[in-house]
2 protein chains.
Amino acid sequence: MISTCLIRRVVLAGRFYQKATFAQEFFKAETAFNKKVGRKTSIAPRFTKKSKLKLSEYLRNMASPEIEAQLAPLRIAVKEYGDLVRQLKEQGAPKIDIDKAVIELKARKKKLEDTEVALAPKEASFDRLKLEDLLKRRFFYDQSFSIYGGVTGLYDFGPMGCALKANMLQEWRKHFILEEGMLEVDCTSLTPEPVLKASGHVDRFADWMVKDVKNGECFRADHLIKNAAEKLIGDKKTDEATKSALQDVLARLEGFDDKDMQEVITKFGFKSPSTGNELTPPIAFNLMFPSQIGPTGDFKAYLRPETAQGIFVNFKRLLEFNQGKLPFAAAQIGLGFRNEISPRQGLIRVREFTMCEIEHFVDPNDKSFPKFKKVHSYPVVLFSACNQMDGQPAVSMTIGEAVEKGIVANETLGYYMARTHMYLVKVGVDPRRLRFRQHLGNEMAHYAQDCWDAEILTSYGWIECVGNADRSCYDLTQHSKATNTKLVAEKKLEQPKTVDVVEVVPNMAVLGKEFKKDAKRIQTALAQMSEESIEDLEKQISTGAFKLKVDDDEFSLTSNMLSVKRSTKTVHVEEITPSVIEPSFGIGRIMYAVLEHSFRQREGDEQRTFLALRPRVAPIKCSVLPISANERLNPIIDAVREELSRYELSYRVDDSAGSIGRRYARTDEIGIPFGVTVDFESEKEPWTVTVRHAESMEQVRVDLTELGSLMLALSTERMDWETAKEKYPIFETKSD
Amino acid sequence: MISTCLIRRVVLAGRFYQKATFAQEFFKAETAFNKKVGRKTSIAPRFTKKSKLKLSEYLRNMASPEIEAQLAPLRIAVKEYGDLVRQLKEQGAPKIDIDKAVIELKARKKKLEDTEVALAPKEASFDRLKLEDLLKRRFFYDQSFSIYGGVTGLYDFGPMGCALKANMLQEWRKHFILEEGMLEVDCTSLTPEPVLKASGHVDRFADWMVKDVKNGECFRADHLIKNAAEKLIGDKKTDEATKSALQDVLARLEGFDDKDMQEVITKFGFKSPSTGNELTPPIAFNLMFPSQIGPTGDFKAYLRPETAQGIFVNFKRLLEFNQGKLPFAAAQIGLGFRNEISPRQGLIRVREFTMCEIEHFVDPNDKSFPKFKKVHSYPVVLFSACNQMDGQPAVSMTIGEAVEKGIVANETLGYYMARTHMYLVKVGVDPRRLRFRQHLGNEMAHYAQDCWDAEILTSYGWIECVGNADRSCYDLTQHSKATNTKLVAEKKLEQPKTVDVVEVVPNMAVLGKEFKKDAKRIQTALAQMSEESIEDLEKQISTGAFKLKVDDDEFSLTSNMLSVKRSTKTVHVEEITPSVIEPSFGIGRIMYAVLEHSFRQREGDEQRTFLALRPRVAPIKCSVLPISANERLNPIIDAVREELSRYELSYRVDDSAGSIGRRYARTDEIGIPFGVTVDFESEKEPWTVTVRHAESMEQVRVDLTELGSLMLALSTERMDWETAKEKYPIFETKSD
């Protein structure tokens, strides 16, 4: 759907400043929730004590009274326009006035958010270069085709990135498809043009682009304006009035259309940054990759920009698979493609990416959800449209409260938001850097009823990673119209009812004689006529002929060719077009956020970086390290291998030269959560090994016979490290 | 690689007629093999006694002396030309003579194979329509975009197909990537043109196509000829001479080039089958889907026709990841795209498909494989080039014997063939309908050293499902040349050796003054000169100037600008370009074969069809069926759900109306291997349920507390049904 194009737009929005409190609240509420639903293990803490301290400092600083004092007037400025927009809407003011007010509102919001980010203490800033170096060096992912010069916006995943992604997808499949009993489908990337015409993508899935008038080089218009404006602002020669005007442009840029952008380009005389040539006016560039199917070149197709359409066109089969019953959810994991004009920001904006999408089909008049009570007390941070318009920060509440208060539109949407939150935390997103932001009225597609993006705070700002939208019946209706196919479900009426039926009964003998082989088409067209058009036909035919259009042909029908029959019939069901609730996940973005949130530097040795990945998504569950190359240890190493293989655990043996400390550092770097070390103590019967927790560097000593079950419990997170430490003797070492 | 385009060509080749014997042999050898490697469970038998009997009848019939008598002269006819080809090769005869002989050889081979198929008893034929009906009705897969009229060659997988495919891929990842410690990568589908130019796809990945001269409709030339010839042969009016000529055409068609096809079209006056219009001469149609990256339209790209190239262009990163050591294997699971001219045959020939490819990089002078001894006694059926040329059937032997005798080129290739075979059997391919066919000399790409396709016998004939090729160093060399990048590994020399080094030492001061900013480029170019060109430079520069070409520029160098330095150096390593062994799996084809081989009809009720899928790949592991709708059973049903969920088993409750027999039939149809029934016996303390084996319809009674662990053991195939029957009391029922 169109609105999901937003999933790939970076949103730098207001950081909420009550995070420290929220974080505590979150864990408290979560523990209570876990107990209630009988979940045995709590979510493992994401930070060692030291880094926890550091983060909480960051959060406290963010919320300091000094900062709040600087933010207060900006919050008031936002609220002023928030109130104005509401007032205009109430008064039924002209759309153009409302739109203007919304643009100003957004500009003020942006100023507030930028200030919040700017005021964040430097110590809390994150060293992205160090992380990127690690990811490249250990081949988590890297630019595609780089020996050929590389292609921007395309990335290849190496063994580590691949395994991380596979584990995240596996977890997604378990968490959503299996646990919720969804119907999974796997549709093609190649999509014929008419399908994407109906969905609106052919006409509206575009970005504004300007071209160098001489050499034709292309630039994304908003990016060009942003860069040019920032450069001018940074230039000492620019006068204050111009600087201020440019600041204003930057704040409003997100709401600009082509005319606004053209005006700015002309006013400030922006040129091509590479040649200094003039630029064309902004033109719409469709973001779909075009191709064609078959050899003739006539069959136009695109690579799908999202997986959702594949589900909609299969609606009938899926409904049938579900024995005709609503509600049901279908899900798809697969590739999406978007021909970005000039992709930047690593995995955040790419041209080919893995998506996981759910389409939950539900009765439009009943969006209650039986399992909602299971998540009722689950806490989430909500940044509602209302708070955004008031300049207020996001607030924490239970999803139950949010639905009861009408902040979130209905139980089904609320349920998916809670489940989305659980998934993200499960794979390693820091819940303190996770919020749901509601779309403002004018951000939503006109048919959407409510939309909440799960946004994750990274060094790129708040990144939209999952969209959760109530899309009403838009997509099914569009495909139904385009194909003249009914895409509806039957709903049993509480009371059978009697309805009047009007139908055209063709006289096939006469029609056949008159129209030969076209008679069949005419019959079909007559059978599909609405009540209204039949009445129209009746009127016209009584005084002469009725012109019936079938595709591009027109047939003249007279009264001897048909009759109109009126009757009543008792119906027990009504046909309804289901509403669709759509959670849509961008896996690459989530993966990047997980990597950022897992990135650590060892206290006192900033060069020693590592990834504290959650065991359940870690590419390799444990390393196996002999303390020395002494051959005496080999039988024990072999026994360790065998024990781990028996439990189907992925492990990596590092018996290379180099101190044990260096080898630990190497395995920590790729996010191996546990290390098994074979030392000379191990030889004493019964054989033992030490198990090391990479994040805390703590170790315990374990009987070899218990190693497999312990590692399985730890790596599936059925047991946390704290419990393991209680169960097994701590092993102290100086080697780390 | 080019040769893998063959993976999508149907090969209707000779059925081997010693299958009954082989099947017995296979299971005997396999059991011995299992014992040897300590595998606990044998592969479960694929057929109930009844169907086993039926199949063995089929096999015996195939091999009857009557049939063999009819085949004998055809075998001799093949051998005659096989011998001739060998003789011509030995004599070093002109290529054109050899090619002619090979075409005749192939024609005779095809006649032999067609006769074998034709002589197969009718009872053994398989009712494909019934299977297709089941697959469509229960939404395993179906044509994509059918509400829009559908697109040939594109299929959407529904919930059942999706889960089956996901399980097959999961099994593949375990069997190859995890067990063999391969480096998995995940590269993009979008591929820039220069990459596919280097790999040879832009120039040679094509099929011959003819067009209707008037309306431009396109036909694949070989398909058009085949259909037109078959139609003429079936026409009573066609005289015997023409029929025989056409038979000859059909037999030779596979070896035809464009000229041959044009000749046939002209000779027999073949026209467009839809309009009767004349046809153009055959033209090459490239099978890759074209697109472009970015907004300018200048950056040409294609959707990858295979995943392999992504691995080759990442070779350097992967070698580094493997700490510079050979051998290592990289693997990729992902989409491939081929713009087939007119795809038919369901999942066998599609335009978008999932592939699993392995590239095993190895020292070209040492293709031994340490783990080969583990598969040494594993039996496979080999249809060697030699046997094909002699008109002999495929034979069974251990892979160890095949490598020792030089039938299979080396241990690495042999190891992968054995592992491929194990995988296919694991996911449900009937080993009696599985063989490896060696490529004939002229089928292989010129650089390939050996190539064996795993072919599976289906109702479409023998289908190539996995290619296993030794591709030497072709791909790395091509990409290295195209990018001017070294794609080599370092190999430690047994003895360090002293080598002469010749290098050009530029005088940068002079060069800089003369060529300004080009001096740097000249320096780089000089550093890359080969020994030969340096000698050439020396000669020319001694008498005047040397013209150095850099890209499109030429620079005139004189003796004051540089000197040539000669020295010796001791080297400890040599650079080698690794050879590549490539197993390449077409998952859709394997899945189709698995569905055919799993398809059964109940004895005595041919309308009652079902799928006997292997538990480990079955989409749903068990059904849960209450014997009646009586509410008294609900607490037990809930307990069953809980027990199954605890073991993370996928199940489906069917508490709809309808007899238990009908509900069994419904679950059997979608390949649910086990059924849990709750009946009124269940209520007696301690609660029990019955477990039903769908294939045999046998049932046992089990304590509810043991249900989860039993179902886990059965569905992971750690326990087979025979063992379960020994462990639990048989439950007899009349309800089935």
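First things first, this report covers the structure right here in the doc. No experiment lies behind these values; they were computed from the predicted model shown.

Definitions and cut-offs
Residues numbered from 1 in each chain as written. Chains lettered and ligands numbered in written order. Predicted model: local features only at pLDDT ≥ 70, side-chain atom pairs only at ≥ 80, totals over all residues. Heavy atoms only, no water. Helix = DSSP H or I, 4+ residues; strand = E, 2+ residues; numbered from the N terminus. Buried < 20%, exposed > 50% of the residue type's maximum accessible area, 1.4 Å probe, protein only. Contact = heavy atoms within 4.5 Å. Areas by Shrake-Rupley, 256 points an atom, 1.4 Å probe, with all protein chains shown as cover. Pairing = 2+ DSSP bridges. Axes fitted to C-alpha atoms, helices over the stretch in contact; angles between N-to-C directions. Lys, Arg positive; Asp, Glu negative; His and termini not counted. Salt bridge = Lys/Arg side-chain N within 4 Å of Asp/Glu carboxyl O. Polar contact = N/O pair within 3.5 Å; in protein donor to acceptor, adjacent residues only side chain to side chain. Buried area = accessible area lost by both parts, 1.4 Å probe. Least-squares fit on C-alpha atoms with pLDDT ≥ 70 in both. Left-handed = near helix turned anticlockwise from the far one by under 90°. Core = buried A, V, L, I, M, F, W, Y, C linked by side-chain atoms within 4.5 Å. Phe/Tyr/Trp six-rings, centres within 6.5 Å; stacked < 30°, edge-to-face > 60°. Lys NZ or Arg CZ within 6 Å of the ring centre and 35° of its normal.

**What about the overall build of chain A?**
- If you tally the helices and strands in chain A, you get 26 helices and 29 strands.
- Considering chain A as a whole, with its 736 residues, one finds that 55% of them fall into the buried category.
- For chain A, contacts bridging at least 24 residues in sequence account for 71% of all contacts bridging at least 6.
- Accessible surface for chain A amounts to roughly 32,000 Å². Of this, 51% is attributable to carbon and sulfur atoms.

**Some details on the sheet that holds strand E7 (residues 283–286) of chain B**
Residue and element names in this part refer to chain B.
- Here we have 3 strands laid out as an open sheet, ordered E6-E5-E7, and antiparallel in their pairing. Each having just a single partner strand, strand E6 (218–220) and E7 make up the two edges of the open sheet. Between one strand and the next, the sheet's axes are offset by a mean angle of 50°, whatever the strand orientation.
- Relative to E6, strand E5 (residues 206–211) is paired through 3 bridges, and the arrangement is antiparallel. Along E6, the bridge assignment pairs Met209 with Arg220.
- On top of the sheet, helix H9 (residues 221–234) reaches E5 and E6; it is set at about 80° to E6, its chief contact.

**Digging into the side chain of Arg351 of chain A**
Residue and element names in this part refer to chain A.
- Structurally, Arg351 is set in the loop between strand E10 (328–337) and strand E11 (352–362).
- For Arg351, which is buried and forms no salt bridge, the nearest opposite charge comes from Glu340, at a distance of 7.1 Å.
- In terms of polar contacts, Arg351 uses its side chain to reach the backbone carbonyl oxygen of Thr152, at 3.0 Å.

**Topic: the pattern of salt bridges**
- The tally for this structure, following the rule as stated, stands at 106 salt bridges over all chains.
- Between Glu230 of chain A and Lys226 of chain A there is a salt bridge, with its nearest N and O atoms 3.3 Å apart. Of this pair, Glu230 of chain A and Lys226 of chain A both sit in helix H9 (residues 221–234), 4 residues apart, which is roughly one turn of the helix.
- Relative accessible area serves as the criterion here: at 36%, Lys226 of chain A is assigned to the partly exposed category.
- A salt bridge links Lys565 of chain B to Glu503 of chain B, with the nearest nitrogen and oxygen atoms 3.8 Å apart. Residue Lys565 of chain B is found in strand E20 (residues 562–576), and its partner Glu503 of chain B is found in strand E17 (residues 489–506); the two are separated by 62 residues along the sequence.

**A few points about the sheet that holds strand E26 (residues 674–678) of chain A**
Residue and element names in this part refer to chain A.
- Strand order in the open sheet made by the 6 strands is E25-E24-E26-E27-E28-E29, with mixed pairing throughout. Either end of the sheet is taken by a strand with one partner, and the two such strands are strand E25 (651–653) and strand E29 (730–731).
- Pairing analysis gives 3 bridges linking strand E24 (residues 622–626) to E25, with the strands arranged parallel. Note that in E25 the partner of Ser623 across the bridge is Arg652.
- Across the sheet, helix H23 (residues 634–646) lies against E24, E25, E26 and strand E27 (688–693), angled at about 170° from E24, the strand it touches most.
- Here helix H24 (residues 660–669) sits on the sheet and contacts E24, E26, E27 and strand E28 (698–703); the angle it forms with E24, its principal contact strand, is near 165°.

**Here's the deal with the interface of chain B and chain A**
- Between chain B and chain A, the residue contacts involve 71 residues of the former and 71 residues of the latter.
- Together chain B and chain A conceal approximately 6,100 Å² of surface at their shared face, both sides included; 64% is due to carbon and sulfur atoms.
- Counting every contact that joins chain B to chain A gives 6 salt bridges.
- For the salt bridge of Lys165 of chain B with Asp186 of chain A, the shortest nitrogen-to-oxygen distance reads 2.4 Å.

**Some remarks on unusual backbone geometry**
- In this structure, the amide linkage connecting Leu326 of chain B to the following residue, Pro327 of chain B, adopts the cis form with an omega of -10°.
- With respect to the secondary-structure elements, Pro327 of chain B resides in the loop between helix H13 (315–321) and strand E10 (328–337).
- In this chain, Glu685 of chain B is followed by Pro686 of chain B through a cis amide linkage whose omega measures -10°.
- The phi dihedral of Glu717 of chain A falls on the positive side, at around 65°, and the residue is not glycine.
- Residue placement: Glu717 of chain A occurs in the loop between helix H25 (704–715) and helix H26 (721–727).
- For Glu717 of chain A, a relative accessible area of 10% translates into the label buried.
- For Gln323 of chain B, which is not glycine, the phi dihedral falls at a positive 55°.

**Here's the deal with the side chain of His175 of chain A**
All names here are of chain A.
- The residue His175 is located in helix H6 (residues 159–178) in this model.
- His175 gets classed as buried once you look at its relative accessible area, which sits at 1%.
- A polar contact of 3.0 Å, which involves the side chain of His175, links it to the side chain of Lys426.
- Not counting residues up to four positions away in its chain, the partners in contact with His175 are Glu180, Arg419, Met422, Tyr423 and Lys426.

**What about the relation of the copies chain B and chain A?**
- You can overlay chain B on chain A at an RMSD of 0.2 Å; the transform is a turn of 180° with a shift of 0.1 Å along its axis. The superposition of one copy onto the other is thereby described by a two-fold rotation axis. In terms of proximity to the rotation axis, the leading residue of chain B is Ser291 of chain B, whose C-alpha is 2.6 Å off the axis.
- Most of the interface of chain B is mirrored in chain A: 100% of its interface residues are interface residues there too.

**A word on the packing of helix H6 (residues 159–178) of chain B against helix H17 (residues 411–427) of chain B**
All names here are of chain B.
- The N-to-C vectors of H6 and H17 enclose an angle of 145°; their axes lie 11 Å apart at closest approach. Helix-helix and strand crossings are classified by hand; for H6 and H17 the assignment is right-handed. Within the contact between the two elements, H6 uses Met168, Glu171, Trp172, His175 and Phe176 and H17 uses Arg419, Thr420, Met422, Tyr423, Lys426 and Val427.

**Observations concerning the environment of Glu575 of chain A**
Residues and elements named next belong to chain A.
- In this fold, Glu575 is placed in strand E20 (residues 562–576).
- Classification of Glu575 as partly exposed rests on a relative accessible area of 41%.
- Excluding residues that lie within four positions of it along the chain, Glu575 makes contacts with Lys486, Val488, Ala489 and Glu490.

**A look at the nonpolar core**
- The biggest cluster of nonpolar side chains holds 208 residues, and the ones touching the most others in it are Trp172 and Ile590 of chain A together with Trp172 and Ile590 of chain B.
- Not counting residues up to four positions away in its chain, the partners in contact with Trp172 of chain A are Ile177, Ala331, Ile333, Cys356, Glu357, Ile358, Tyr423 and Phe585 of chain A.

**Focus on helix H24 (residues 660–669) of chain B**
Residue and element names in this part refer to chain B.
- The element H24 is largely enclosed, with a buried count of 8 among its 10 residues.
- Taken as a whole, H24 has its buried residues at Ile660, Gly661, Arg663, Tyr664, Ala665, Thr667, Asp668 and Glu669.
- One or two positions beyond H24, positive phi appears at Gly671, with a value near 75°.

**So, the packing of aromatic side chains**
- As enumerated under the stated definition, the model contains 36 aromatic pairs over all chains in all.
- Centre to centre, the rings of Tyr141 of chain A and Phe157 of chain A are 5.9 Å apart; their planes meet at 55°, and the pair counts as tilted. Taken together, the residues Tyr141 of chain A in strand E1 (residues 141–143) and Phe157 of chain A in strand E2 (residues 155–157) connect sequence positions 16 residues apart.
- Look at Phe268 of chain B and Phe270 of chain B: their rings are 5.8 Å apart centre to centre, the planes differ by 20°, and that puts the pair in the stacked class.
- Residue Phe268 of chain B is classed as buried on the basis of its relative accessible area of 17%.
- Classification of Phe270 of chain B by relative accessible area gives buried; the value is 6%.
- Aromatic rings pair up to connect Trp172, Phe176, Tyr423 and Phe585 of chain A into one cluster.
- Over the face of the ring belonging to Phe610 of chain A we find Arg602 of chain A, whose NZ or CZ atom lies 3.7 Å from the ring centre.
- The residue whose ring lies beneath Arg435 of chain B is Trp462 of chain B, and the NZ or CZ to ring-centre distance is 4.0 Å.

**Some details on the environment of Ala409 of chain A**
- Within the secondary structure layout, Ala409 of chain A lies in the loop between helix H16 (399–404) and helix H17 (411–427).
- For Ala409 of chain A and Asp450 of chain A, which are 41 residues apart along the polypeptide, the C-alpha to C-alpha distance reads 6.4 Å.

**Looking at the pairing of strand E11 (residues 352–362) of chain B**
Residue and element names in this part refer to chain B.
- For E11, a buried count of 11 out of 11 residues is recorded, marking the element as mostly surrounded by other parts of the structure.
- Burial of E11 is two-sided: the residues Glu352, Thr354, Cys356, Ile358, His360 and Val362 facing one way and the residues Phe353, Met355, Glu357, Glu359 and Phe361 facing the other way are all buried.
- With 6 bridges connecting them, E11 and strand E21 (residues 579–586) associate as antiparallel partners. Paired with Val362 across the bridge in E21 is Ser579.

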